[in-house]
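The primary structure of each chain is shown beneath.
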Amino acid sequence: MVDNSIQSYQEHKDELIALNGPDYKLRVDINFSGGENPTIQLVDNAAGIYTKDIARAFTPAMPPTDKTGISQYGIGMKSSACWYSKYFTVRTRALGEPIVRNLIFDIPKIIKDEIYSLNIEKETTSNPKAHGTRIIMSKLNQPIPTAGAASRLRSYLRSMYRDFLRTGELILTINGEAQEPISYKWLSAPYWPTDKGPVDDQEFEWVKEFEIELDESHKPDSEGTAAPKIRGTIGILDKGDTKRAGLALLWRRKVVQGAGGMADSPDDLYRPGVIFGGANSFERQRIIGELDVSELKVTSFKDAVVWSEGQEEEALRKIKAELNSGANQLIKMARNYRATDNSKATKAKVNATLEEVVDAATRGFIDSDAVDLLGDDFEVPLKEETPEPPRNLDTNVVQKNIRLIPQFKSDIMLEVKDHGDDPSWLRVSTTEDKKWVITVNREHPFMNSFTVADPDSLEPVLRLALAIGIAEIQGMSSG
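Quick summary incoming for the structure in this document.

Rules used throughout
Residues numbered from 1 in each chain as written. Predicted model: local features only at pLDDT ≥ 70, side-chain atom pairs only at ≥ 80, totals over all residues. Heavy atoms only, no water. Helix = DSSP H or I, 4+ residues; strand = E, 2+ residues; numbered from the N terminus. Buried < 20%, exposed > 50% of the residue type's maximum accessible area, 1.4 Å probe, protein only. Contact = heavy atoms within 4.5 Å. Areas by Shrake-Rupley, 256 points an atom, 1.4 Å probe, with all protein chains shown as cover. Salt bridge = Lys/Arg side-chain N within 4 Å of Asp/Glu carboxyl O. 1 Å grid on protein atoms, 1.4 Å probe; cavity = no way out; pocket = protein on both sides within 12 Å on 5 of 7 lines; lining within 4 Å. Points joined across faces, edges and corners; volume = space filled by probe spheres on them. Nonpolar A, V, L, I, M, F, W, Y, C, P; charged D, E, K, R; others polar. Pairing = 2+ DSSP bridges.

The next subject is the overall build of the protein chain. Helices and strands together make up the secondary structure of the protein chain, namely 15 helices and 21 strands. Considering the protein chain as a whole, with its 479 residues, one finds that 47% of them fall into the buried category. Relative to all contacts within the protein chain whose residues are 6 or more apart in sequence, the contacts with residues 24 or more apart total 64%. Element-wise, carbon and sulfur atoms account for 51% of the exposed surface of the protein chain, whose accessible area totals about 24300 Å².

Rendered as structure tokens:
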């Protein structure tokens with residue numbers, strides 16, 4: 001239905017602006033309400049359905065005469081309305097026409113009485129700016145979106161129509177809430193040719209624009225059409241995000257595949273292994289981008305690209321070559337870059353995260369009665385650094401104390417270290433003065449899988465490590 005609104009806007013953009021002024025924007029409002037008779041309503045201020053298009057617009061599988069836009073097969077509105085409801089109405093007024101048309105689709109009645117044509121209710125209006133279409137669905141076959149489903153609806157529509165939102169051509173509201181456009185923040189960092197570190201201090205913004213031609217897999221038809229081209233923008237996220245990384249395939253500016261990434265959903269992702277590697281690769285946490293596949297074919301519901309034989313393989317191979325072209329290779333950078341450097345900012349982040357985890361653990365372990373037993377001088381948590389156990393002097397260590405847990409009759413020290421040569425992720429040990437120490441190695445491959453691309457994910461992993469460490473201490477303490 002949103003596709004139809006956009007198609008109407010694109011076909012009549014000049015007339016709409018001429019009538020409404022230069023500040024005119026396409027507006028689509030989606031509203032749903034519960035109660036005894038839940039309804040879903042979609043209203044736009046596009047150009048409406050013209051007299052000459054009425055019969056075609058309401059006949060299933062009758063494609064539009066102009067197939068250069070986003071509407072293609074004449075299926076979407078009818079099939080989606082019938083899937084969602086048993087009863088829906090369409091009210092439309094075409095730009096420049098004085099007639100408002102109302103159509104009622106009572107699906108059970110149409111089937112029962114074998115109705116093959118519908119009467120159109122007509123009324124006249126003199127307001128030239130009263131143009132657009134309103135669809136109201138009731139007697140729903142599906143429940144209205146609530147809670148998580150409503151959030152997913154907003155996320156998907158925002159992701160699918162990101163290009164129209166980004167340019168400001170479309171204002172999309174859902175239950176009165178305007179949907180914000182999607183944007184990316186690209187990584188700016190020196191080139192890491194290996195995981196040992198950068199070759200110099202020169203920073204780059206890690207994003208590439210490119211164009212490829214699918215000439216090898218192209219089979220010209222009788223009209224001698226040219227080989228299709230794919231244009232793209234792909235880069236590395238400033239902060240790794242396993243949910244959002246991936247490619248979005250845009251067909252005539254609408255995302256037809258890969259919308260799930262920016263919708264925080266695992267249901268519609270496009271992460272081909274040629275570019276993104278295996279399931280736990282850093283590329284899958286960092287690489288993101290958009291491909292314009294408008295010169296290819298899509299399915300009738302515009303939810304996937306229809307690749308001809310050999311097209312996808314050729315496209316991915318050439319895209320990979322583009323990303324790895326030049327002195328600074330983007331895929332290699334995504335694979336090798338490490339956010340776990342020893343800079344002051346990183347150490348401060350680790351220190352703050354460690355303090356949050358220790359504070360939460362301390363409050364969780366000590367109930368109100370236990371706090372009283374400890375006396376007034378009890379601190380949560382201890383702020384000063386405690387002496388570290390003997391170790392390699394080159395190892396970066398951040399430590400925090402969990403003070404005097406009654407169950408163990410001693411403090412427990414939680415520490416985070418960077419030690420690539422240590423094969424252990426988690427160690428439990430004691431100091432000379434019988435203090436327990438739980439050590440987490442931030443450069444262990446397990447940590448790399450979760451916290452290198454996204455430093456913000458360090459806290460839940462530290463909580464997990466602390467829980468496992470304390471369980472081990474409890475076991476050893478009880479013999």
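Applying the stated criterion across every chain yields a total of 26 salt bridges. For R154, the salt bridge goes to E177, with nearest N and O atoms at 3.9 Å. Of this pair, R154 sits in helix α6 (residues 147–160) while E177 is found in strand β8 (residues 177–178), placing the two residues 23 residues apart along the sequence. Looking at R154, the relative accessible area reads 22%, which means it is partly exposed. Salt-bridge contacts for R463 lead to E459; the nearest nitrogen and oxygen are separated by 3.1 Å. Of this pair, R463 and E459 both sit in helix α15 (residues 458–477), four residues apart, roughly one helical turn. On the basis of relative accessibility, which here comes to 21%, the residue E459 falls in the partly exposed class. By sharing partners, the salt bridges in this structure join K13, R162, D163, R166, E169, R253 and E290 into a single network.

A few words on empty space enclosed by the protein. In total, this model carries two cavities of 30 Å³ or more according to the counting rule given. Its boundaries defined by the atoms lining it, the largest cavity holds a volume of some 50 Å³. R162, Y184, R244, A245, G246, L247, A248, G258, G261, M262, I288 and G289 together form the lining of the largest cavity. Those elements that place two or more of their residues in the lining of the largest cavity are β13 (246–251) and β15 (287–292). Tallying contributions element by element places β13 first for the lining of the largest cavity, with three residues. In terms of residue class, the lining of the largest cavity is built from six nonpolar, four polar and two charged.

Looking now at the pairing of strand β12 (residues 229–236). Put simply, side chains in a regular strand alternate between the two faces of the sheet. One ladder, built from seven bridges, connects strand β11 (residues 207–213) with β12; its direction is antiparallel. Bridge pairing in β12 places I212 opposite I230. Bridging between β12 and β15 involves six bridges; their strand directions are antiparallel. From the neighbouring strand, T233 faces β15, where its bridge partner is E290.

Function cannot be inferred from these measures alone, as they are strictly geometric.
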